[in-house]
Amino acid sequence: MNTYSGNQLNIAAETGDIDLLYRVINYDPSILEIIDSIQFVETPLHIAASLGHIRFAIEITNLKPSFALKLNPQGFSPVHLAMQHDQKRMLSRFVAMNKDLVRIKGRGGLTPLHFASQIGEVELLAEFLTACPDSIEDVTVKGETALHIAAKNDQYEALDLLVCFLRKNNKRGAMKIQKKIVNWKDEDDNTILHILAQRNFEPQVVKALGLLLKTMINLKAKNLANKTALDMAANVDIRSILLGAGAKSNSQITDAPTLAHKLKSNTTVRANIATFILRTESNISEEERNSWLIAATLVATAMYQSALSPPGGIYQVNAFDDSDLKKNMTSSNSTISTNVGNSVLSGLEFSVFLIFNMISFFLSIIAIYIMIPRGTIGALVAAPVTSFAFSYIFSMFRISPTDGNEWTIVIILVLIMFTPCIELFLKIYDDVKSVIVKKLNR
C-alpha cells in the first residue's frame, strides 16, 4: 500500500471527507483491498466510527462491508469503538445496516451487547436485543453472559431489562433459552444468583432478585467452591429471600451423579428405551414425523370409533316398544333391559375384540406421544391425548356385555400405569437428550 495513499485515506476518515476518499481510490484503486487483506488493522471505518462521521462510515461500509467486522490491533471493531466514544447515532446506523454486528466479538470475547450491559446503556440494550434477539446467548472468554456482566458491574437496571427480555421473548425455543441463560455459569461456575447473593441488601438488588426468582433459575446450583447461592448470601435479608424461594445450602443437597458416572453405569431398561427413541428420532425427517403422526392419529381415532360401535352393535332402547320394555323391566328372567347400551357380543367375543382393539389403540397413543414436540407445546397436546385415552377406557367399560368384566379391569390397570409411565418416559427422554446436547455443545 502506498504510504501517501494511506495517509490521505486516514485524513479523509478523520475529517469525514467523502470526496477525498474517492480521490484516494482513484489514485490507488486497490487500497481498500490491500487494507482488507490484513487480519488486524485500523481501517478508515474504525477512525470514522470513533469520531462519529456517519455519512463517511456508511459510504465506506457500502464499498467494503467486511471493514465492519475487522478488529484493530487492540482487538476492537468499529462498533466497539463507536460504543467507547459514545457515538449512539452511529451505533443505530450500524445495527440498521447489519444486525449481526451486535454479536461481533472483540477483545475478551465482549460483544457490543456485553459492553452496553457493562456501562448500563439501557436504551442501547433494548435496541440491540430488538434487532438481534440471539445476541443474548453470547458469552465472553470468561464464560460471562450479558446478565453476569450487568450484575458484576452493579448495573441493575440493565439486568432487569435483560431478565424481562428473557421472560417476554416469544421466539421459537424461548423457554429453553431462558433456562439456559439464567442458569449459565461463568469460569468460576457462578450463576447470576450466586453474584446477586453477595450484594448488599438494596432495593435494586431486591428487585433484580425478585425478577430472577420468577424465571427457571436453579436454586441448587453449586459453584467451583461447592457453594450454593444461599451459602454465599451476604446478609440475613437476602438469605431470607432465598429461603422463601426454596433455596438450599450445600449441606442440604445430595450431589447428583457425574456425567462420567452416568456413562459408566449399567444400562437400564429405561435408558435403553430413551437411547432407542433418540436414535430413531434422529433418523426421521420432519416430513416423515408429520406423516407418522397423522397415521397414528387416524389409527387411534378409528380404534376409538370401533369401541363406540363394536361388531354387531349395541342393545338399543328403541328396539322395543313401550309395552315390551315395561314387561321386560318387570320380568326377573329378562336381561334385555339391563343390557341397553352394552355390546351384543358375548363375553368371550368381546374379550377377543377388546384385546386387538386395545393393542392398536395404545400403540397409536404411544406413537403420538413420541412424535409430538417436547416442552409447553408438547404438554398442551399430551393433555388432551391422555383425556382421549381415559374416554376410550370409559367407553369400553360402558359397552362391556358383562359387569366387572376381567378385561375391563385389565384395561383400567393399564391406564393407571400408562399415564405415569409415559410421563416418566418423556422426562427420561428429555434428560438424556439435554445431557447429550450439552456434551456436544462443549
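Residues numbered from 1 in each chain as written. Predicted model: local features only at pLDDT ≥ 70, side-chain atom pairs only at ≥ 80, totals over all residues. Heavy atoms only, no water.

Asks: Even after reading the chapter, I still don't get the overall build of the chain, so can you show me in this structure?
Replies: Counting secondary structure elements, the chain contains 22 helices and zero strands. Sequence separation of at least 24 residues holds for 73% of the intrachain contacts in the chain that already meet a minimum separation of 6. Within the structure as shown, the chain displays about 24,200 Å² of accessible surface, and the carbon and sulfur contribution to it stands at 57%. (Helix = DSSP H or I, 4+ residues; strand = E, 2+ residues; numbered from the N terminus. Contact = heavy atoms within 4.5 Å. Areas by Shrake-Rupley, 256 points an atom, 1.4 Å probe, with all protein chains shown as cover.)

Asks: How should the nonpolar core be read in this particular structure?
Replies: Residues Leu147, Leu159, Leu196 and Leu242 are the most contacted members of the largest nonpolar core, which totals 72 residues. Ignoring anything within four residues of it in the chain, the contact list for Leu242 reads Leu193, Ala197, Leu209, Ala229, Leu230, Ala233 and Ala247. Counting 23 residues, the second-largest nonpolar core is a separate cluster that includes Tyr304, Leu345, Leu354 and Phe361. (Core = buried A, V, L, I, M, F, W, Y, C linked by side-chain atoms within 4.5 Å. Buried < 20%, exposed > 50% of the residue type's maximum accessible area, 1.4 Å probe, protein only.)

Asks: What's the story with the environment of Ala302 in this structure? I'm lost.
Replies: Relative to the helices and strands, Ala302 is located in helix H18 (residues 286-308). Once the C-alpha coordinates of Ala302 and Asn357 are considered, the two residues, 55 residues apart in sequence, prove to be 9.6 Å apart.

Asks: Can you help me understand the packing of aromatic side chains in this one?
Replies: The geometry of an aromatic ring pair comes down to the distance between the two centres and the angle between the two planes. Counted according to the given criterion, the structure contains six aromatic pairs. Centre to centre, the rings of Tyr304 and Phe388 are 4.9 Å apart; their planes meet at 45°, and the pair counts as tilted. A residue pair is termed long-range when its members are at least 10 positions apart, and Tyr304 in helix H18 and Phe388 in helix H21 (residues 375-399) qualify at 84 residues. For Tyr304, a relative accessible area of 18% corresponds to the buried category. Residue classification places Phe388 among the partly exposed residues on the basis of a relative accessible area of 25%. Considering the side-chain rings of Phe361 and Phe362, the 5.4 Å spacing of their centres and the 85° angle between planes classify their relative orientation as edge-to-face. An identical accessibility class is assigned to Phe361 and Phe362; each is buried. Here the aromatic cluster, defined as three or more aromatic residues joined through ring pairs, consists of Tyr304, Phe361, Phe362, Phe388 and Tyr392. (Phe/Tyr/Trp six-rings, centres within 6.5 Å; stacked < 30°, edge-to-face > 60°.)

Asks: I keep staring at the pattern of salt bridges and nothing clicks. Help me out?
Replies: Proximity of charged atoms lets side chains of opposite charge pair with each other. Tallying each qualifying case throughout the model produces 11 salt bridges. Note that Lys70 is salt-bridged to Asp36, the shortest N-O span being 3.8 Å. Of the two residues, Lys70 sits in the loop between helix H5 (54-63) and helix H6 (78-84) while Asp36 sits in helix H3 (residues 31-36), which places them 34 residues apart along the sequence. Exposure class is identical for Lys70 and Asp36. Each is buried. Note that Asp186 and Lys152 form a salt bridge whose closest N and O atoms lie 3.0 Å from each other. Within this pair, whereas Asp186 is found in the loop between helix H12 (174-182) and helix H13 (192-197), its partner Lys152 is found in helix H10 (residues 146-152), the two being separated by 34 residues in sequence. A relative accessible area of 4% places Asp186 in the buried class. Given the relative accessible area of 33%, Lys152 is considered partly exposed. Three or more residues joined by partner-sharing salt bridges are found here, namely Glu33, Asp36, Lys64 and Lys70. (Salt bridge = Lys/Arg side-chain N within 4 Å of Asp/Glu carboxyl O.)

Asks: Is there a simple way to think about helix H11 (residues 156-168) in this case?
Replies: Residues separated by three or four positions in an α-helix point in the same direction, a consequence of the helix having 3.6 residues per turn. For H11, spanning 13 residues, the distance from its first C-alpha to its last is 18 Å, which sits close to the expected 18 Å at 1.5 Å a residue. For H11, every residue scored as buried is listed here: Tyr156, Ala158, Leu159, Asp160, Leu162, Val163, Phe165 and Leu166. Where H11 is buried, its residues meet helix H8 (112-119), helix H9 (122-131), H10, H12, H13 and helix H14 (203-212). (Expected span 1.5 Å × (residues − 1).)

Asks: What's the story with the side chain of Glu144 in this structure? I'm lost.
Replies: Mapped onto the elements, Glu144 comes out in the loop between H9 and H10. In terms of polar contacts, Glu144 uses its side chain to reach the side chain of Lys152, at 2.7 Å. Beyond its immediate chain neighbours, meaning those up to four positions away, Glu144 contacts His114, Asp138, Val139, Ile149, Lys152 and Asp186. (Polar contact = N/O pair within 3.5 Å; in protein donor to acceptor, adjacent residues only side chain to side chain.)

Asks: Is there a simple way to explain the packing of helix H2 (residues 18-27) against H5 in this structure?
Replies: Two quantities define a packed helix pair, namely the angle between the axes and the distance from one axis to the other. At their nearest, the axes of H2 and H5 sit 10 Å apart, and the two run at 30° to each other. Taken together, the axis directions place H2 and H5 in an arrangement best described as roughly parallel. Contacts between H2 and H5 involve Ile18, Leu21, Tyr22 and Ile25 from the first element and Arg55, Phe56, Glu59, Ile60 and Leu63 from the second. Among the residues making up the contact of H2 with H5, the classes are represented as seven nonpolar, no polar and two charged. (Axes fitted to C-alpha atoms, helices over the stretch in contact; angles between N-to-C directions. Parallel < 35°, antiparallel > 145°, perpendicular 65-115°, else oblique. Nonpolar A, V, L, I, M, F, W, Y, C, P; charged D, E, K, R; others polar.)

Asks: Sorry if this is basic, but what is going on with the environment of Met396 here?
Replies: Relative to the helices and strands, Met396 resides in helix H21. In the structure, Met396 is positioned 92 residues away from Tyr304 in sequence and 9.2 Å away in space, judged by C-alpha atoms. Filtering out sequence-adjacent residues up to four positions away, Met396 remains in contact with Ala307, Phe350, Phe353, Leu354 and Asn357.

Asks: Looking at this structure, how should I read unusual backbone geometry?
Replies: Glycine aside, the phi torsion of most residues is negative, and most peptide linkages are trans. At Asp86, a position not held by glycine, the phi torsion is positive, near 55°. Positionally, Asp86 belongs in the loop between H6 and helix H7 (88-97). You will see that Asp189, though not glycine, has its phi angle at about 65°, which is positive. Relative to the elements of secondary structure, Asp189 occurs in the loop between H12 and H13.

Asks: Even after reading the chapter, I still don't get the confidence of the model for the chain, so can you show me in this structure?
Replies: If pLDDT is low for a region, its predicted coordinates should not be looked at in detail. Overall, the prediction assigns the chain a mean pLDDT of 82, with 79% of residues at 70 or greater. Taking the mean pLDDT of every element in the chain, the minimum, 48, falls on helix H19 (residues 322-330) and the maximum, 96, on helix H4 (residues 44-51). Scored below 50 in pLDDT, residues 324-337 makes eight contacts in the model with residues more than four places away or belonging to other chains. (pLDDT = per-residue confidence, 0-100.)

Asks: Would you take a moment to explain helix H1 (residues 3-15) for this structure?
Replies: Taking 1.5 Å per residue as the helical rise, H1 with its 13 residues ought to reach 18 Å, and the 18 Å between its terminal C-alpha atoms agrees with that figure. Inspection of H1 places Ser5, Gly6, Gln8, Leu9, Ala12 and Ala13 among the buried residues, and these make up the whole buried set. Take H1 and look down its axis: the buried residues cluster within an arc of 165°, on one side only. As for H1, its buried residues are in contact with H2, H3, H4 and H5. Gly16 sits one or two residues past H1 and shows a positive phi near 75°. (Arc of directions from axis to C-beta.)

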